[in-house]
Structures are given as C-alpha cells and as structure tokens.
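Residue-level structural notes
Now for the letters of each chain:
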Amino acid sequence: MLDLSTMNIGATLPALSLALGACILLIIDLSVPKERKEITLTLSLIGVGVSFVITLLSLGEQGSAFMGMYIADNFTGMVNLIVLAAAFIGLLVAYDYLKRTGMNRGEYYPLLLMTASGAMFMGSAGDLVVLLVALELLSIPLYILSGFRRPDARSEESAMKYFLLGAFSSGFLVYGIALTYGAMGTTNLAEIFARVQAGQNTSPFLLLMGTALLLVGLGFKVAVVPFHLWTPDVYQGAPTPVTAYMSVAAKVGGFAALLRVMTLALPTFALGALPELAPDQTIIIHAAWQDTVAILAALTMILGNFVAVAQRDIKRLLAYSSIAHAGYIMMAVAAAGSFQVTGDDFGAPITSLVIAEEALRGALIYLAAYTFTNIGAFAVGMAVERNDATGTLLDDFAGLGRARPFLAGAMTIFMLSLTGIPLTGGFVGKWFVFFSTMNAGLGLLALIGVLTSVVSAYYYLRVIVKMWLEAGEGEASAPPRLAGAIAFCAVATLIIGVLPTLVTGFADAVTLALVR
Amino acid sequence: MEKNDMLINIVLFSPLVGIALLLIFGRAREERIKWVALVSSLVTLAFSIILLGAFDQSKAGMQLENLGEWFRLGNYTVSYYVGVDGLSVLLVVLTAFIMPLAILFSLYHVKDRVRLYYSFLLLLEFAMIGVFVAQDLFMFYVFWEVSLVPMYFLVGIWGSEQRIYAAVKFFLYTMAGSILMLLAILWMGNHFGTFNVMQIKAAIEAAAGTPEGAFPSAVTELLLFLGFFIAFAIKVPIWPLHSWLPDAHVQAPTAGSVILAGVLLKLGTYGLVRFNLGLFPQMSVTLAPIIGILAIIGIIYGAWVSYAQTDVKKLVAYSSISHLGFVVLGIFALNAAGISGATLQMINHGISTGGLFLVVGMLYERRHTKAIDAFGGVWKALPVFSGLALVITLSSMGLPGLNGFVGEFTILLGTAGSPVLGLGFAFFGTIGVILAAVYLLYMWNKVFMGEYKAPAAAAHGDFALAPATGGGHEGDGEDVHADHGHDDHGHGGENPYPPLMWNEVTALVVVVVAAFVIGLYPRPFFGYMDASTNAAAAELSRYIPNQAASENIQAE
C-alpha cells in the first residue's frame, strides 16, 4: 500500500504550494467583487512569493519524490526561481492592462499561477509521464489565457490555433513516450539511462524514434523551427500580458524538460563501447541526437532572425525574435550532448561531464537573462499599446525617446540585451552559451549563431531608431505597477550584465550528479 | 604604492562618476550640464597625467595592475584585470586629452538633449579607456562592444541628415567584425583555460620552442588571427573594410568625428599590437607582407580619394584611412622602430586629425556647409583661425618640426629596415606622404586662400550651398541648428564669419601646442614606449627566420 513516508512530498512543495494556492485562489476570487480585483492580484503575488521563499530554503537539497518521478535538485531550484520571477512580473504587468481594456476577470491570476506550477513541474519531472502531465498543466491554462480577450476574433483565433496545434504536439509527445517505453520498458528517466548503459537497449530504432518524437513535442512548446508556425499568430492575437508571460514561461518549462530528458535519460545512448585511448588522450564524443538538435538550432536561428527583419509589428517582431532565441538556447541543448573522454594511465576511458554541465548552466543563465529582458520588452509594448489592441506597430514607438525617456531608455536596454551587447544580461547568456558550444566542438554552429546575431542587431536597432531618432507622438501610459515592473526588469537585466555572479552563483551549483 | 594601486581604477571610472553627477545636477538646471561634463573630463585628464607620472618607463610589462575575480562559472574564471604598459598608458592619456577638446567645442554648439549628449560622451570615454587598460579578454570584449553604443547614439541623434543610415551602418559593420573576434576569444579561453591576456601570452611564448607549438595547427592559428584581425581591421579601418568610415565621419556631429578619428580608430590599431602581434607572433610574421600591401593600398587609396572630394569633412575622413595605413604599416614592420613610430603616429593622428575635424566643425558652424567650393578667402575674415588651421594642416601633412613628421619618419625608417617588409614598402609609403601634401594643401588653399567668398544670398534659410537639409520630420535637429546660427551670429549680416569664441580658440591652441611639443621634442614620448616596444620586437624577432638564424650564428 501507499506509504507516505517514502513519497517525500516536502521536496515538491515549491510547485505544489503554487498549484494548491491557485486552486484556493480560484474559490476565493468568487467572492471578490469585480471592481476589487487587486485583491486577487495581491493574493496571487503572495502565493508566488511564498513559493519563491520555499524554493530558496530548499536550494541545495538533492533528492527525489514519488519514487523518482519528481527530482528536486539545483536544476529544479534554478528553474523554479526563473519561472517564479517570470510569474511575478507577469502578474504585475497584467493588472492595469486588463483593467483598462475591460477584461479584468479574476480567473486570470489563478490560471497564470497554474501555468507557472506546470512549468516548474516540467523542470523537475523525473519520469516521462510526469513530464506529460506537467506539460498539459502548463499548456491548458495558456490556451485559455490566449483567448482571454473574447469576443475579439484575433484573440479567439490565437487560442484556437494554439490549442489545436498544442494538442497535436502533445500527441507526438505521448507517442514518443510510448515508443520509448516500448524500447526500454520504463518511463523513468534515470532508469532509461541505466538500462541503455547496461546494454539493455533491445531495439535502438524504437528508442531513436521515441527520442525524435519527444523532440518534436517539446520543440513545439519552445517554438523551434520547423515547429514554430503557431508562434507569430498566437503571440500577436493573445492579450499582450499573456504573450509576455507565455513567451518566457513556456520556453523555460519546455527547455527545462528538454535539457532534463536529453542529459538525464539519453545522454550517450547508441554510443556503444568507448574507443581505446592512449593514456591522457582526450577526445570529445557526441550523443546520437546531437546533430539533429544542432541542425534544428541552426535553422531556428537563421529563420527566426531573418524573418524578424521584415516585421512591422512589435508583437510579431518579438515573436520571431523569441523563435531566434529558442535557437540560441537550442545550441546549448546540442552542446549538452558532448562528453569529454580521457584515457587514464592504462588507456581506459573516463567520461567527464564538464562540457554538458557547462551547457546546462549556460542554458539556465541564458533563460534567466532572457526572462527579464523579454517580459520587460513586452511590458514597454503594453505601455505603448492602446485600449483597442492597436498601437503595436513599430511606428507607434516613434518619438518615445523625447516623450517618455525612461520608458524608451528601458526599451533600449532590453533591445541591447536581446542583441547581446555587453553589460546587459543578454550578453552574459550568449557568452556562456557560445562558450559551451565552442567547447563542445560545435564551432560551425557557434559561427552561425554569432552571424545571425548580427542580423538580429539590425531589427533590434530599428526599434531604438524609432524611439530616439524619429519624431512622433510617443504616446504611452505606464501606471505605477507597470512602470515598476519595467524598471525592475531593466535593473535586473543590467545587474545580470554587470555582476553575473548573482546568476552564475545559482547556476554553478547545477550539476549532473544523477548521471553516473 | 597603495595609492598607485587604485590610480588606474580612478582613471577608468571617473567618467562614470561624471555621468552620475550629470544626472544629479542636470535635473536642476540644464545650463550646468556642460560645465559638469567639462570639469569631469578635465579631472579624468588630470588623473591620467598622474598615472603617466606613476608609470615606470624602464619596465616592459604591465604596471599599476589590478587583478581580481569578476565572476566564475564552473572551472572558468573571468577576472577584473586592468593594467597599462608603455603603449596603453599613452593611449589612455590621448583619450583623456581628446575628450575635453570635444566637450569644449560642443559647449555652445550643442543645444539639443544636452544631458543625454554629454552622458554619451562620457560613457564613450569610459569604454575607450576600458579597452586600453583591460587585460582580460572578456573585459576587453565588453568594453570594445560597449564603445559602439554611445557612438551609435551620438551619430544617430546629433548627426547630419543621413545620420540614421550612417549610425546603423557603423553599428552593424563593426559588430559583424567583433562578433568573429568573440568566437576567437571563446576558443582561446577554452584552449588556455583562462581569459587573462598575460597568462595566455606567457603560455604561447613558452610553447614557441616546442615541436607542438602553442596551437593545434597552423590553420587554427590562422583562423584565430583572422578572428581578431578582421575586427580590428574594420575599426582602423584597413582597406577594403573602410566603407563605414566616410559615412560615419561625415554624418557625425563635430565632437563625434573628433573622438572617432582621435581615439576610436586607435582601438583597432591598439588591438593589432596587443593581440595580433602579442598572441600570434608566428602568424604575424607570416602575414606581415600581405597586411603591408593592404596598408600601402590604404595609404595611396585614401590619399587619392581624399583629393577627389568636394566636401571638406569627407576629405578629412578619407585622409584618416591614408594616415592609419601608415600606422598599420609601422605595426607590421615588426621591429622596434616601426612599432614605436606607429604608436607615436596613433597619438599624432589623434591630435592632428582631431584638430582638422575641429576646424571643419568651426567652419560648418559659421557657414552651415561643408562644400569646399563654398569657401574661399577665409584668411581675410579670420586670420588667427586660418593660421591655427594651417599649422594643424601642416602637422597632418607631416612637415618637419611638427608631430606628424616624427611619427611618419620613424615608421618609414622601421619599414625600410624591417626584415619582413623592406625598402619597397617604404618607397610606396613615401609616395603617400607626398600625396598627403597634395590633397591637404589643395584643401587649405581652396578654403582659406584665394578670392573671398561670402554666402551667395543673405535671405533667411538660404543655405543653398549646404547639402540639402533633411526633408520632413527627420530634419528637425538640423533646423534648430540653423535657427540658432541665425540668432547668435547674425548670419544674414555682412560678416558670415563671426570671430572665434573663447572655447574654440582654446581648443585649437591646445592642439597646436601639442603638435609643436611632439614635433620638437618627441624624446619623452618614445621614452614611455621604448621598453614595451623593444620587448615586443624582441619577442617577434624569434619568429623571423633570417633573423633567428643570424642570431644563432652570432651565438656560435
């Protein structure tokens, strides 16, 4: 029978408390009058805060819960912190926008909390089944939120598109899980790895197919080419605060799951016997899936950046830019497939996880920087946007530098950070991702990465040009909450850029201890 | 000793303190901003001179260092490592010297978004000093890229009518180059396990004699060399990567051009010496003739195109390409004379061309045109100004007794005696000197001598000789400028050339004095760099086949 003492429920508290909080809030909200929704906002912010504190307190603990289905380690911890930060800012920027556009309905806040807990579960899933459940917990509330501006046709279209394609991609994921189970006889990530290692991979083809389908399912969530087609329409149609939050949370959750599955379950599958090495000889071996991921990363960076150049709408521009950034993070995923093998004194191979860990840390730092930068950029977009959802064209930013220098200044910081200019968080993220890619022996991929980031400079600069160098009305409204959130994002972006220690400190504790 | 340890940090961060003060004082009264900026830049200059005083000329290596951990991840540490050697200390002083001149000129000419303007100038100063003192590859790259941002805004907001095009081109062109350097830096960091330049250099020097060498293969070394070289070549700019420069120069506000020519281009030549020569000596020796040829092409091409210009500012801009060709030629002569001459010429070019841009700026503020044909006989209206301009022109030309001569002469000497370049290169370099005389004297003659030309008509808004003022909303800034010209100088009246203001006279006199000082007594300047350049040249000579062989014979 169930023995609760082996369940170790305490380890899951950060995500669990948030999910529970969301459920309770849903009930409380019923008694909150329509014009006092700031109560719901405040309560949900408190919920995020509580979860944040629990995460901080539990950092450094290494353990699992529900018999290996939930993994609580530093990776989980850092993913949680990023997701919670995204949720906090996402809630803060939403309130005034929802109010002035007449959609201030209370369910917004609990739904957002649920997606956050879904993203957190994705980072901590130790089992493919949990992964699927977490993915749905992340996705379904997001479908609802995308259609929050009902009965606006574009918002409804956005929700419909997102839902249909999302359900379709979940199908791929389920099929991938099934094939993997068929090949390995288990859905537990660590167990899959152990069995591959022990040579029990009875049908490599099934596992390969399973991996490919997992990649498709998760690739859809993080908007990697060629599974990105939904992104621009959904991002444009959804209410801007939803887009801001979704562009970050879904990406963090998706990449956390991807990194977890690829590095924990499938790091070296199909590797076979390691080659004979001379003493002290060092070679780099590559996981079987690395080339595929690298090609996806390259395609994503190229397509995202080049198509973004042609955009005239800030939401679409940021949508393509978020595709491009998925490509950069995908680079780190590819790099996590490289392992350094050194021959010992007798030529016996010793596998080192240094490169993979570096890539893992690089991806997390990138995600942290990207979170503040991207939500911040969307938040400025919200300030410029008018009540009827117009005002999202680049031309609407003209003259912002003169009329609202602080908003324009913050946007400039975000654009420079997305470009990857030093002293901003974006640069630190790019630095580590490129560094691990180079170290993983993927020089060509890194070259594509840096060249496409020159392309990205072009369209990010265009936003800056509009704001500072062209004359215009520069109308914008930034009530205190929104302004505060923008200022917070800008400061966080700069702090990560100037004193990366604050993020690298967390990331440094992330290890691949479970891989043996 | 304790005091000197902090000195370099004070020099580096004082512009940032200036920005903070701007933001604090600027709130109350816009008028104060420019004075705060001027004083801030003078304080930086004072500290940089103290730094020069604390510098020990007899040492070749890094001095006055500061080394600490910035941040780390896994096994890699990025250090906060600043220090100066004979090359960088002079360039730090040059930066601190040019900045007050740029601010001095701007005092009464920049009236739009003043606080932002001076903030960007000081931010630029911070980034440029940072490039010269950073001895960690990560830090170096940070400063290198950050210097793009303020320059982009200076050109983009306060520039002339094509400013947006020029600013974006400048940004993308330079970034495309530096991003390749980023890959090279990352590779170096991984291979050597550190980003500390001095440690990497020591590792490369130690590996020089061994059969494996410092790099896995010659191809790798070539790619790395190119990664750095292309970034620097774009910045210098070396022909054929120069096409951003005329646009940026012509569109930039005067102070922007002064800094661009005065210091920003030297980031490139400095990088060539510090990183290409310092970290890839073997590849430098191998490629020196090719780069020498590019430099020669740059010298002659720049001069030739300069002569064909009808716009004063463009003429000076192209002359930069020619002059920096000399600097590159000197650097890749790979001997002490060449590198010393190149270093001195970096400073000379900063002073002379910076001065020329000031002259052009002052002409423009009076006439609102940069077309050579519009000018003539300025000598009659402004004799003192014309005299100062003549000295600066002559110094740029390389007349003996002025600064340009010393630098060019030493470079040609170094080139002629160089084991990798030789007399042929010096010959073509000399042709460049002659061409410089041709186009600069042609310019001076057309503008300052000859028949006195007043503006064609005095009617309002009739700056017909000016390039078309930007149409529509983009021309806003321009119109403001034009109006102010009217009110302040009575432009429509009988005298289109109002006398120089005190700030303009001061800036020009300082430039002229500097030109004379270096021209007549260059000894102390060489004194600062001798130890460093000798050490660099000695290290390089180990890789030059003939020389190494002859040394072996001598030893036997």
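Residues numbered from 1 in each chain as written. Chains lettered and ligands numbered in written order. Predicted model: local features only at pLDDT ≥ 70, side-chain atom pairs only at ≥ 80, totals over all residues. Heavy atoms only, no water.

1. A short note on the overall build of chain A
A tally of regular secondary structure across chain A gives 19 helices and five strands. Its C-alpha atoms give chain A a radius of gyration of 22 Å, within 12% of the compact-globule value 24 Å for 516 residues. C-alpha extents for chain A along the principal axes are approximately 75 × 55 × 40 Å. Within chain A, the proportion of its 516 residues that are buried is 64%. Once local pairs closer than 6 in sequence are excluded, the contacts in chain A between residues at least 24 apart make up 80%. Of the roughly 17200 Å² of accessible surface on chain A, a fraction of 69% belongs to carbon and sulfur atoms. Placing the 26 positive and 31 negative side-chain charges of chain A at their respective mean positions leaves the two points 11 Å apart. (Helix = DSSP H or I, 4+ residues; strand = E, 2+ residues; numbered from the N terminus. Rg over C-alpha atoms; globule rule 2.2 N^0.38 Å. Buried < 20%, exposed > 50% of the residue type's maximum accessible area, 1.4 Å probe, protein only. Contact = heavy atoms within 4.5 Å. Areas by Shrake-Rupley, 256 points an atom, 1.4 Å probe, with all protein chains shown as cover. Lys, Arg positive; Asp, Glu negative; His and termini not counted. Charge placed at Lys NZ, Arg CZ, Asp CG, Glu CD.)

2. Comments concerning the overall build of chain B
Regarding its fold elements, chain B presents 22 helices and two strands. Here chain B holds 556 residues, and 63% of them are scored as buried. Pairs at least 24 residues apart make up 80% of the contacts formed inside chain B by residues separated by at least 6 positions. Taken as a whole, chain B presents about 18700 Å² of accessible surface, with 65% of it coming from carbon and sulfur.

3. Here's the deal with the sheet that holds strand β5 (residues 349–352) of chain A
Across a sheet, paired strands are connected by hydrogen bonds in the backbone, their directions being either parallel or antiparallel. All names here are of chain A. The three strands lie next to each other as β3-β4-β5, forming an open sheet whose pairing is antiparallel. If you trace the sheet from one side to the other, it starts and ends with β3 (282–286) and β5, each paired once. Strand-to-strand, the axes of this sheet are offset by a mean angle of 35 degrees, without reference to chain direction. (Pairing = 2+ DSSP bridges. Axes fitted to C-alpha atoms, helices over the stretch in contact; angles between N-to-C directions.)

4. Overview of the layout of surface pockets
Of the voids in this model, the largest pocket is the one considered here, and its volume is about 1500 Å³. As for the largest pocket, its lining consists of 40 residues, of which G409 and I413 of chain A together with L23, L116 and F120 of chain B are closest to the centre. Listed by contribution, the elements that provide at least two residues to the lining of the largest pocket are α14 (400–403), α15 (405–419) and α18 (480–498) of chain A together with α1 (2–28), α4 (114–133) and α6 (148–158) of chain B. At eight residues, the largest contribution of residues to the lining of the largest pocket is made by α15 of chain A. By residue class, the composition of the lining of the largest pocket is 30 nonpolar, five polar and five charged. (1 Å grid on protein atoms, 1.4 Å probe; cavity = no way out; pocket = protein on both sides within 12 Å on 5 of 7 lines; lining within 4 Å. Points joined across faces, edges and corners; volume = space filled by probe spheres on them. Nonpolar A, V, L, I, M, F, W, Y, C, P; charged D, E, K, R; others polar.)

5. Section: the side chain of H325 of chain A
Residue position: H325 of chain A is located in helix α12 (residues 314–335). When near neighbours in sequence (up to four residues on either side) are disregarded, H325 of chain A contacts Y366, Y370, L418, K430 and Y460 of chain A.

6. Structural notes on the interface of chain B and chain A
Counting residues at the interface gives 40 residues for chain B, matched by 41 residues for chain A. Between chain B and chain A, a total of about 3700 Å² is buried, with carbon and sulfur atoms accounting for 78% of that surface. The largest contributions to the chain B side of the interface with chain A come from L73, L183 and L186 of chain B, which together make up 17% of the buried area. At the junction of chain B and chain A, the tally comes to zero salt bridges. (Buried area = accessible area lost by both parts, 1.4 Å probe. Salt bridge = Lys/Arg side-chain N within 4 Å of Asp/Glu carboxyl O.)

7. A few points about the nonpolar core
Counting residues in each nonpolar core, the largest one holds 399 residues, and the members touching the most others are M411 of chain A together with Y118, Y152, M188, F228, F332 and F385 of chain B. Every residue in contact with Y152 of chain B, bar those within four places of it in the chain, is listed here: L461, I464, V465 and L469 of chain A together with A167, V168, F170 and F171 of chain B. (Core = buried A, V, L, I, M, F, W, Y, C linked by side-chain atoms within 4.5 Å.)

8. Looking at the packing of helix α5 (residues 137–146) of chain B against helix α7 (residues 163–192) of chain B
Residue and element names in this part refer to chain B. It is at 10 Å that the axes of α5 and α7 come closest, and there the two elements cross at 170 degrees. By the angle between their axes, α5 is roughly antiparallel relative to α7. From α5, L137, F140, Y141, W144 and E145 reach across to α7, where they touch M175, S178, I179, M181, L182, I185 and M188. Classifying every residue of the contact of α5 with α7 gives 10 nonpolar, one polar and one charged. (Parallel < 35°, antiparallel > 145°, perpendicular 65-115°, else oblique.)

9. Remarks on the packing of aromatic side chains
Enumeration over the complete set of coordinates arrives at 59 aromatic pairs over all chains. Feature note: the residues F140, W144, W187, F192, F215, F225, F228, F229, F232, F275, F280 and F332 of chain B constitute an aromatic cluster, connected by ring pairs. The lysine or arginine in question, R105 of chain A, covers the ring of F148 of chain A, its NZ or CZ lying 4.5 Å from the ring centre. In this structure, K235 of chain B packs its charged tip against the face of W144 of chain B, placed 4.8 Å from the ring centre. (Phe/Tyr/Trp six-rings, centres within 6.5 Å; stacked < 30°, edge-to-face > 60°. Lys NZ or Arg CZ within 6 Å of the ring centre and 35° of its normal.)

10. A short note on helix α20 (residues 502–520) of chain B
Think of an α-helix as 3.6 residues a turn; residues three or four steps apart then line up on the same face. Between its terminal C-alpha atoms α20 of chain B stretches 27 Å, which fits the 27 Å expected from 19 residues at 1.5 Å a residue. Next to the buried residues of α20 of chain B lie α3 (86–106), α14 (336–367), α16 (383–397), α17 (403–416) and α21 (523–541) of chain B. (Expected span 1.5 Å × (residues − 1).)

11. Structural notes on unusual backbone geometry
For the bond from V225 of chain A to P226 of chain A, the omega torsion is 5 degrees, close enough to zero to count as cis. With respect to the helices, strands and loops of the structure, P226 of chain A is situated in the loop between α8 (204–222) and α9 (231–237). Note that the residue after V236 of chain B, namely P237 of chain B, is joined by a cis bond; omega there is -10 degrees. Tracing the backbone shows P237 of chain B in the loop between α9 (218–235) and α10 (244–251). Even without being a glycine, L423 of chain A presents a positive backbone phi close to 70 degrees. Structurally, L423 of chain A can be placed in the loop between α15 and α16 (425–439). Look at L423 of chain A and you get partly exposed, because its relative accessible area is 24%. Backbone geometry places L64 of chain B, a non-glycine residue, at a positive phi of 50 degrees. Along the chain, L64 of chain B turns up in strand β1 (residues 63–73).

12. Let's talk about the confidence of the model for chain B
A low pLDDT means the predicted coordinates there should not be read in detail. Looking at chain B, the pLDDT average stands at 82 and 89% of residues meet or exceed 70. Counting interchain partners and residues more than four positions distant, the pLDDT-below-50 stretch residues 457–492 of chain B has 51 contacts. (pLDDT = per-residue confidence, 0-100.)

13. With respect to the pattern of salt bridges
Where charged atoms of side chains with opposite charge meet at close range, the side chains can pair. Residue and element names in this part refer to chain A. This structure, assessed with the given rule, holds 18 salt bridges over all chains. Across the pair D96 and R481 runs a salt bridge whose closest N-O atoms are separated by 3.4 Å. Of the two residues, D96 is situated in helix α3 (residues 74–100) and R481 in helix α18; the sequence distance between them amounts to 385 residues. Taking the relative accessible area as the measure of exposure, D96 reaches 15% and is therefore buried. Between E157 and K161 there is a salt bridge, and its shortest N-O distance comes to 3.0 Å.

14. Focus on α17 of chain B
In this model α17 of chain B runs 20 Å from its N-terminal to its C-terminal C-alpha over 14 residues, within 8% of the 20 Å that 1.5 Å per residue would give. Where α17 of chain B is buried, its residues meet α13 (312–331), α14, α16, α18 (423–448), α20 and α21 of chain B.

15. Observations regarding the pairing of strand β4 (residues 338–343) of chain A
The side chains of a regular strand alternate, first on one face of the sheet and then on the other. Residue and element names in this part refer to chain A. Both β3 and β4 contribute to a ladder of five bridges, which runs antiparallel. Looking across to β4, one finds that T282 is bridged to T342. Pairing of β4 with β5, which is carried by four bridges, proceeds in the antiparallel orientation. Across the sheet, T342 pairs through a bridge with I350, a residue of β5. Joining the antiparallel neighbours β4 and β5 is a turn of five residues, in which G347 adopts a positive phi near 85 degrees.

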